[in-house]
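Below are the chains, spelled out letter by letter.
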Amino acid sequence: MSKALFEYVLRLGDDSLILGQRLSEWCGHGPILEEDIATTNIALDLIGQATTLLEYAAHLEGKKRSADELAFLRIDREYKNLLLVEQENGDFGKTIMRQFLFDAYRKLLFEKLLSSSDEHLAAIAEKSLKETKYHLKHSSEWVIRLGDGTEESHERVQDSLNELWRYTGELFFEDEVDTELKGSGVIPDVSDIQDKWNELVMNVLAEATLTIPNDNWQFDGGRVGKHSEHLGYLLSVMQYMQRAYPNMEW
Amino acid sequence: MKEIDLAELERDFQAKIDADIKIEPKDWMPDEYRKTLIRQISQHAHSEVVGMLPEGNWITRAPSLRRKAVLLAKVQDEAGHGLYLYSATETLGADREQTIDDLHSGKAKYSSIFNYPTLTWADMGAIGWLVDGAAIMNQVPLCRCSYGPYARAMVRVCKEESFHQRQGFEIMSKLANGTPQQKEMAQDALNRFWWPALMMFGPNDAESKHTAQSMKWKIKRHTNDELRQQFIDISVPQAKLIGLSIPDPDLKFNEKTGHYESGEINWDEFWQVVEGNGPCNKDRVDTRRRAKENGQWVREAANAYAEKRRIRKKAS
Ligand SMILES: [Fe+2]
Ligand SMILES: [Fe+2]
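1. Some words on the overall build of chain B
In terms of helices and strands, chain B carries 13 helices and two strands. Taken over C-alpha atoms, the radius of gyration comes to 22 Å for chain B, in line with the 20 Å a tight globule of 316 residues would show. Taken along its principal axes, the extent of the C-alpha atoms in chain B is 70 × 55 × 35 Å. Among the 316 residues that make up chain B, the fraction classed as buried is 54%. Counting only contacts in chain B whose residues sit at least 6 apart along the sequence, the fraction spanning at least 24 positions is 77%.

Encoded structure:
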């Protein structure tokens, strides 16, 4: 079981890490100073979650790799994050939409993980849930503001929704890792989350006067390390120091 | 207003300052005092915000999870400082939008140190240690500034600055005690940032045109050269402690005065950077301007939405 759990925790850790890395690209470039602060704050929470999750993954793996080694020294195919979180920032609206679709999933997932049979995972979920609720509040409010703001903002954020929607199916991806962990009560049944996610997302999008695209083609692959081209560039920036100066402490 | 009244108001104003009574936004103050403060606080605010960029440049490349988190937190603090300070300028009647546009048009200045590029990870250490260190020297006396809102903003800011300075010094000492390659990186960063850090205190006292009046108004408590000396006296032993050398062949300790004496600052370079010819002046201002332009539609949307809500609320 610990192999499946390692894989699962790695997936969650990579989601936080890669999205935190993406958000941190905004630092200093936000549309208003208040949003610069908010975005950086969310990035900071996500890097904090990534640290806790990857530390746990490293422990489960039992190969004496550190959280930093997991974060900075794997190759592209070994990252297990969702395709959604590695997508480029685009404009502020796209960043917000990506964040909203993810936050909604993350909040529901952490709520369920509170009762995980794995105590450590439950404790991480409890700590992360608080932050995630705030992230979701922030991203939902902005989706509504932008969707129901001006004609331009509506159009921009609708385009982003159309573009990102095809990465949302993967939020509910399941393979043998999930099956095994579900059996032992470590993780919830994903269909449970999916229904609630649909409801939550539909409500916010309705208030934002936005609509789900007709084209419902869905991609997956992130969970098994088959990524979009964007991830390679993100990693080459993120890993630069560790690759250029191997085996040093910072 | 009759001339006699004005003279009396000015006398009362100066009496308050002399008695260390804080001036508050609604109090009468001379136009020049107001103007001086608006100029100084807005320059300070711009420095905080432009100052996010050289360090922001390394967040995505930070070498460990912990360093990434600390750097994010630090740069986020600087954004917060910018906010408090823009608010302080507003208490003096300045318009935030206009203040920011003055930065983007090149009319307003900000600290020249941020016009130098950050070339390696060690620059995160050098900036925290020296640049935030110099900022603390400048800002601690401002906690007692005669203008209440500025003084109170500085109290909050200074608390965070000392964390910034410590994390920078910690990065530096880790590198200086690391591999030869890391130590070289640290020394190189010190070589590049030492002199610009000394320039942060502004021109020599003889050249500084605002000092005398600002001291009389207790906006300023020490001269540029006094603060610079204090900074040198503190920083030189710190460099020694971690085994780095100060890039100044003329630096020597004067036993009699108990102070370090440093070589001559390259003031041509200082004025060139002030005039806009530093390596990054254009990049920094362009980046801030672009952030504002790219955010235009977002701000418009937020306003439009707020207006719609107001109308809906009224109708219901
Ligand atoms: Fe600051
Ligand atoms: Fe600082």
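2. What about the coordination of the iron ion (ligand 2)?
Residue and element names in this part refer to chain B. The protein atoms donating to the iron ion (ligand 2) are Glu-78 (OE), Asp-132 (OD), Glu-161 (OE) and His-164 (ND1), with metal-donor distances spanning 2.0 to 2.2 Å. Coordination at the iron ion (ligand 2) comes from four donor atoms whose angles at the metal span 87 to 164°, giving a geometry best classed as irregular. Spacing between the donor residues of the iron ion (ligand 2) along their common chain follows E-x53-D-x28-E-x2-H.

3. Things to note about the coordination of the iron ion (ligand 1)
Residues and elements named next belong to chain B. The coordination sphere of the iron ion (ligand 1) contains the protein donors Glu-48 (OE), Glu-78 (OE), His-81 (ND1) and Glu-161 (OE), at a distance range of 2.0 to 2.2 Å. Metal-centred angles of 84 to 151° between the four donor atoms at the iron ion (ligand 1) mark the site as irregular. Taken in chain order, the donor set of the iron ion (ligand 1) reads E-x29-E-x2-H-x79-E. Of the residues examined, His-81 reaches a relative accessible area of 0% and is grouped as buried.

4. Examining unusual backbone geometry
The phi torsion of most residues other than glycine is negative, and most of the peptide bonds are trans. Although it is not a glycine, Lys-64 of chain A adopts a positive phi angle of roughly 65°. Within the secondary structure, Lys-64 of chain A is located in the loop between helix H2 (33-61) and helix H3 (67-72).

5. Focus on helix H5 (residues 92-113) of chain A
Residues and elements named next belong to chain A. For H5, which comprises 22 residues, the first-to-last C-alpha distance of 31 Å matches the rise-based estimate of 32 Å (1.5 Å per residue) to within 8%. Of all 22 residues in H5, 20 are buried, a share of seventy percent or more. At the N-terminal boundary of H5, the capping side chain belongs to Asp-91, with an oxygen 3.1 Å from the backbone nitrogen of Gly-93.

6. What about the interface of chain B and chain A?
With 45 residues of chain B at the contact, the number on the chain A side is 47 residues. Between chain B and chain A the total buried area reaches about 4000 Å² when both faces are included, carbon and sulfur atoms providing 69% of it. Interface area lost by chain B to chain A is led by Leu-65, Gln-76 and Trp-297 of chain B, which between them contribute 20%. Connecting chain B to chain A are four salt bridges. A salt bridge links Lys-174 of chain B to Glu-249 of chain A; the shortest N-O distance between them is 3.3 Å. Put simply, chain B and chain A have 15 residue pairs in polar contact (both at pLDDT 80 or more) between them. Residue assignment for the side of chain B that touches chain A shows that the elements contributing at least two residues are helix H3 (52-59), helix H4 (65-90), helix H7 (148-176), helix H8 (180-199), helix H12 (281-294) and helix H13 (296-315) of chain B. Residue contributions to the side of chain B that touches chain A peak at 13 residues, all from H4 of chain B.

7. Digging into the environment of Asp-20 of chain B
The residue Asp-20 of chain B is located in the loop between helix H1 (3-18) and helix H2 (31-50) in this model. With relative accessibility at 49%, the residue Asp-20 of chain B sits in the partly exposed group.

8. Some details on the packing of aromatic side chains
The geometry of an aromatic ring pair is captured by the separation of the ring centres together with the interplanar angle, meaning the angle of the planes. The full count for this structure, using the stated rule, is 18 aromatic pairs over all chains. Taking the centre distance of 5.2 Å and the plane angle of 85° together, the rings of Phe-92 of chain A and Trp-142 of chain A count as edge-to-face. Remark: Trp-142 of chain A occurs in helix H6 (residues 119-147) and Phe-92 of chain A occurs in helix H5; sequence separation between them is 50 residues. In this structure, Phe-92 of chain A and Trp-142 of chain A share a single accessibility class: buried. Ring pairing ties together the aromatic residues Phe-102, Tyr-105, Trp-165, Phe-172 and Trp-197 of chain A, which thus form one cluster. Stacked on the ring of Trp-58 of chain B, the Lys or Arg Arg-61 of chain B has its end atom at 3.7 Å from the ring centre. Sitting over the face of the ring of Tyr-84 of chain B, Arg-156 of chain B holds its NZ or CZ atom 3.9 Å from the ring centroid.

9. Notes on the pattern of salt bridges
Within the structure shown, the criterion is met by 41 salt bridges over all chains. Among the ionic pairs, Lys-94 of chain A bridges to Glu-163 of chain A, the shortest N-O distance being 3.0 Å. With a gap of 69 residues between them, Lys-94 of chain A in helix H5 and Glu-163 of chain A in helix H7 (residues 151-164) connect regions that are remote in the sequence. Here Asp-148 of chain A makes a salt bridge to Lys-308 of chain B, at a shortest N to O gap of 3.1 Å. Here Asp-148 of chain A, found in the loop between H6 and H7, pairs with Lys-308 of chain B, found in helix H13, and the two come from separate chains. Three or more residues joined by partner-sharing salt bridges are found here, namely Glu-7, Arg-11, Lys-80, Asp-175 and Asp-178 of chain A.

What counts as what
Each chain carries its own residue numbering, running from 1 in the written order of its sequence. Lettering for chains starts from A, numbering for ligands starts from 1, and both go in the order in which the items are written. Local features in this predicted model are restricted to residues whose pLDDT is 70 or higher, and side-chain atom pairs enter the listing and the counts only when it is 80 or higher, whereas totals over whole chains, interfaces and linings include all residues. Side-chain figures throughout are based on the complete set of non-hydrogen atoms in the structure, without hydrogens or water. Comment: elements are numbered from the N terminus, with helices defined as DSSP H or I runs of at least four residues and strands as E runs of at least two. When we talk radius of gyration, it's over C-alpha atoms, and the globule rule is simply 2.2 Å times the number of residues to the 0.38. Remark: exposure states derive from per-residue accessible area (1.4 Å probe, protein chains only) relative to the maximum for the residue type, with buried under 20%, exposed over 50%, and partly exposed in between. Contacts were defined at the residue level, with two residues in contact if any of their heavy atoms lie within 4.5 Å. Coordination partners: N, O, S within 2.8 Å of the metal, 3.2 Å for Na, K and Ca; water not considered, so apparent gaps in a site are possible. Under the classification used here, a metal with four donors is tetrahedral if each angle lies between 85 and 135 degrees, square planar if opposite donors are over 155 degrees apart and the others between 65 and 115, a six-donor metal meeting that same test is octahedral, and anything else is irregular. Expected span of a helix, by definition, is 1.5 Å for each gap between consecutive residues, and there is one gap fewer than residues. Here a polar contact is recorded for every N or O atom pair within 3.5 Å, except that within protein the pair must consist of a potential hydrogen donor and a potential acceptor, and residues adjacent in sequence are included only if both atoms are side-chain atoms. Here the buried area means the combined drop in accessible surface, using a 1.4 Å probe, for two parts upon being joined, counting both sides. Here a salt bridge means any side-chain nitrogen of Lys or Arg lying within 4 Å of a carboxyl oxygen belonging to Asp or Glu. Pairing of aromatic side chains requires ring centres within 6.5 Å, counting the rings of Phe and Tyr and the six-membered ring of Trp. Pairs whose planes differ by under 30 degrees are stacked, by over 60 edge-to-face, and all others tilted. Consider the ring centre and the ring normal. A charge sits over the ring if Lys NZ or Arg CZ is within 6 Å of that centre and within 35 degrees of that normal.

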